[in-house]
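# Analysis of the macromolecular model
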Amino acid sequence: MNNAQLNELKQRYVASGAASPATQFADRAENAELWDADGKRFIDFAGGIGVLNIGHRHPKVVEAVKAQLDKVMHTCQTVMPYEGYVRVAERLSQLTPVRGHAKVMLANSGAEALENAVKVARAATGRNNVICFDGGYHGRTFMTMAMNGKVAPYATDFGSMPGNVFRAPYPVPYHGVSEDEALRGLKMALKTDANPKDTAAIVLEPVLGEGGFYAAPTSFLEKVREICDEHGMLMIVDEVQSGFGRTGKLFAIEHSGVEPDIITMAKSMADGMPISAVVGTDKHMDASGGNSLGGTYTGSPVSCAAVLAVLDVFEEEDILAKSRALGDKLAQRFSQWQKDFACVDNPRNLGAMAAFELVTDKQAHTPDADLAGALCKRAREKGLILLSCGLYGNTIRFLMPVTIGDDVLEEGLAIIEECLTELSG
């Protein structure tokens, strides 16, 4: 079927809240390129929203998935466990920088991982409250919608959210929130809303994802760790988007040296297969009773095979070094754009987790969400998939595969330059 026929089916049968506004339909993909149902080629700078750090259909992952399909597709690991689950748990335990010996539970999505992290924290502390941050994004389930630091479009139409979730400022100096102000807001939340003796955890992204790709300073993360220790609260780090090599380390928190109690992960851990994980200090992970964590599909055999293959690829192809090199290339180009275009400002990156702002006034840092939307639309017309994000909708973020070829990367960056020239002229 072609794009037009598929769009007719979409409009007739797919719920409008779930339907993509895009009119092209993916037909096949390879590394950083895909082709739609009409045969048009696209360069992918979105990576399925950060899921494809090692590219579409990495051959080693495809091979591992096919091999697993010939053995076992599903048993539900609580009914009949299998090797893949415990091997993934072993490797994540060895690689994840939490305090002490780590234990693991596998789930299906980033939101599900965050839900379970909160469950673990509540069981481990006997407390209910959770503190999150402005601009944070943790998912679309009810608990994670309550935890998100942005209302629209995630929670606008769905009534009351769960309680016991409180908010603090995230340090974004470009938009007027200094590190000192963020810490003052966090301490004030503990005084005015979330009594520390009733607070189970502080949950934060070391680099905001949907919130705009702002990295928290090491000193801020260290102070959050100190506050958690002072009050017996757990520090939960959400690495769903920033993890698995995006920032040049396996996890973004490693740049700071801070060891949280729990880390959640998903997205690029299986190169597109649905799986997530909660990895935490053993005494916390073991706090709840038997059969209290899990689900029918959690840690499916096929997804576990993909995770193990991804981890092998990271070692064999030195993906972390490639991420750092890609980040350097993007930083150099962004710096040039900041000089060349009056609308481009605040370029930033941590490894290949890179972004810049579109503004109407660089001095006032005035966000230009309309231009961001227009840029993404024009880029799509020229064959480049590009995403915006941020609390103000004016950040252009880059999530192309770390494995992207230099020629394809340059082609995509040239399209952005063309679009910026056309739209800002």
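Everything in this summary refers to the structure shown in the same document. (Residues numbered from 1 in each chain as written. Predicted model: local features only at pLDDT ≥ 70, side-chain atom pairs only at ≥ 80, totals over all residues. Heavy atoms only, no water.)

Another point: the overall build of the chain. Check the secondary structure of the chain and you find 13 helices and 16 strands. For 425 residues, the compact-globule estimate of 2.2 N^0.38 gives 22 Å, and the C-alpha radius of gyration of the chain, at 21 Å, lies within 12% of that figure. Taken over the C-alpha atoms alone, the chain extends approximately 60 × 55 × 45 Å along its principal axes. Looking at the chain residue by residue over its 425 residues, the buried ones come to 54%. Restricting the contact set of the chain to residue pairs at least 6 apart, pairs at least 24 apart contribute 70%. In the form shown here, the chain has an accessible surface area of approximately 18,000 Å², with 50% of it arising from carbon and sulfur atoms. Counting 41 positive and 54 negative side-chain charges, the chain places the averaged centre of each group 2 Å from the other. (Helix = DSSP H or I, 4+ residues; strand = E, 2+ residues; numbered from the N terminus. Rg over C-alpha atoms; globule rule 2.2 N^0.38 Å. Buried < 20%, exposed > 50% of the residue type's maximum accessible area, 1.4 Å probe, protein only. Contact = heavy atoms within 4.5 Å. Areas by Shrake-Rupley, 256 points an atom, 1.4 Å probe, with all protein chains shown as cover. Lys, Arg positive; Asp, Glu negative; His and termini not counted. Charge placed at Lys NZ, Arg CZ, Asp CG, Glu CD.)

On to the pattern of salt bridges, then. Applying the stated criterion across every chain, the model contains 25 salt bridges. Across the salt bridge formed by K60 and E316, the nearest N and O atoms sit 3.6 Å from each other. One end of the pair, K60, is in helix α3 (residues 59–69); the other, E316, is in helix α10 (residues 301–316), with 256 residues separating them in the sequence. Judged by relative accessible area, which is 38%, K60 ranks as partly exposed. Among the ionic pairs, E357 bridges to R348, the shortest N-O distance being 3.1 Å. A single burial state applies to E357 and to R348, both of which are buried. (Salt bridge = Lys/Arg side-chain N within 4 Å of Asp/Glu carboxyl O.)

Any link to function would need more than the numbers given here.
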